[in-house]
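Results of the structural survey
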Amino acid sequence: MDRRYSLFACAFFVASACVAVAQEMKPIPPEERTEVQWLQLLRSNDPKVRRDIVGEIDALKSINERLAATVMIHALSNSDTTVRILAANRLGQYGGASDFAVAELCKTLKDPDVEVRVSAAISLCRLNDAPEAIDLLGKEFANTHARHAIVIAFERLGPKAKRAIPPLAAAP
């Protein structure tokens, strides 16, 4: 009798542990995540998870734009180039981005990846027409991978893009 009770108790313990683990693994809706939870997801080993987070941030933006901008600022330093590009693009879409976001985008103009730099520059142009961003776009125009995005950025800027003409004239 004691042996059957022990087996029953063991089976009950295992089953309750499985239920507890399953409840912990249930995804948290984006609007209910804390800043710490967002940042943990950005540090995931799975690149798909990291990239999906940037997309999910749009759901958060309408509820808490400040938290969304904070998470995207952290994403600018992610090891995944695609995450950095997506984060730079998203920050440029946040009209209420703080001066801190602008400062972080300015730092991103020195990113080793050209697409990240161009994304940051375009976002800066959307937010505040930063002269350093316009200059960088003019210099990066020689890079054929970024050229299309730069042309679109200059089109949106209109006459403000005039300062980039000298580097464009020198581009091959």
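Look a little higher up for the structure.
Position numbers for residues count from 1 along each chain, tracking the sequence in the order it is written. In keeping with the model being predicted, local features are shown solely for residues with a pLDDT of at least 70 and side-chain atom pairs are shown and tallied solely at 80 or more, while totals for entire chains, interfaces and linings include all residues. Calculated side-chain values reflect all of the structure's heavy atoms, with hydrogen atoms and water omitted.

So, about the environment of Arg84. Think of it this way: any DSSP run of H or I at least four residues long counts as a helix, any run of E at least two long counts as a strand, and we number them from the N terminus. Within the secondary structure, Arg84 is located in helix α5 (residues 81-93). For each residue, the accessible area found with a 1.4 Å probe, counting protein chains only, is set against the maximum for its type, and the residue is called buried under 20%, exposed over 50%, and partly exposed in between. Take Arg84: its relative accessible area is 9%, and that puts it in the buried class. Put simply, Arg84 and Val54 are 30 residues apart on the chain and 9.4 Å apart in space, counted from C-alpha to C-alpha. Setting aside residues no more than four positions away along its own chain, Arg84 makes contact with Ala75, Leu76, Ser77, Asn78, Ser79, Asp111, Asp113 and Val116. In protein, a polar contact requires one atom able to donate a hydrogen and another able to accept it; more generally it is a pair of N or O atoms within 3.5 Å, and residues adjacent in sequence count only if both atoms are side-chain atoms. Within polar-contact distance, the side chain of Arg84 engages the backbone oxygen of Ser79 at 3.3 Å. Residues are treated as being in contact if the distance between any of their heavy atoms lies within 4.5 Å.

To continue, consider the packing of helix α7 (residues 114-128) against helix α8 (residues 131-140). Helix axes are fitted to C-alpha atoms over the stretch in contact, other axes to C-alpha atoms as well, and angles between N-to-C directions run from 0 to 180 degrees. Interhelical geometry of α7 versus α8 gives an angle of 140° and a closest axis separation of 8 Å. Considering their axes alone, α7 and α8 lie oblique with respect to each other. Viewed along their axes, α7 and α8 form a crossing whose handedness is left-handed. For the pair formed by α7 and α8, the contact residues are Val114, Arg117, Val118, Ala121, Ile122, Leu124 and Cys125 on the first element and Ala133, Ile134, Leu136, Leu137 and Glu140 on the second. Three classes are used, and their members are as follows: Ala, Val, Leu, Ile, Met, Phe, Trp, Tyr, Cys and Pro are nonpolar, Asp, Glu, Lys and Arg are charged, and the others, Gly among them, are polar. Considered class by class, the residues forming the contact of α7 with α8 number 10 nonpolar, no polar and 2 charged. Roughly parallel means an angle under 35 degrees; roughly antiparallel means over 145; roughly perpendicular covers 65 to 115; every other angle is labelled oblique. By convention, the crossing between two helices is left-handed when the near helix turns anticlockwise from the far helix through less than a right angle, and right-handed when the turn is clockwise.

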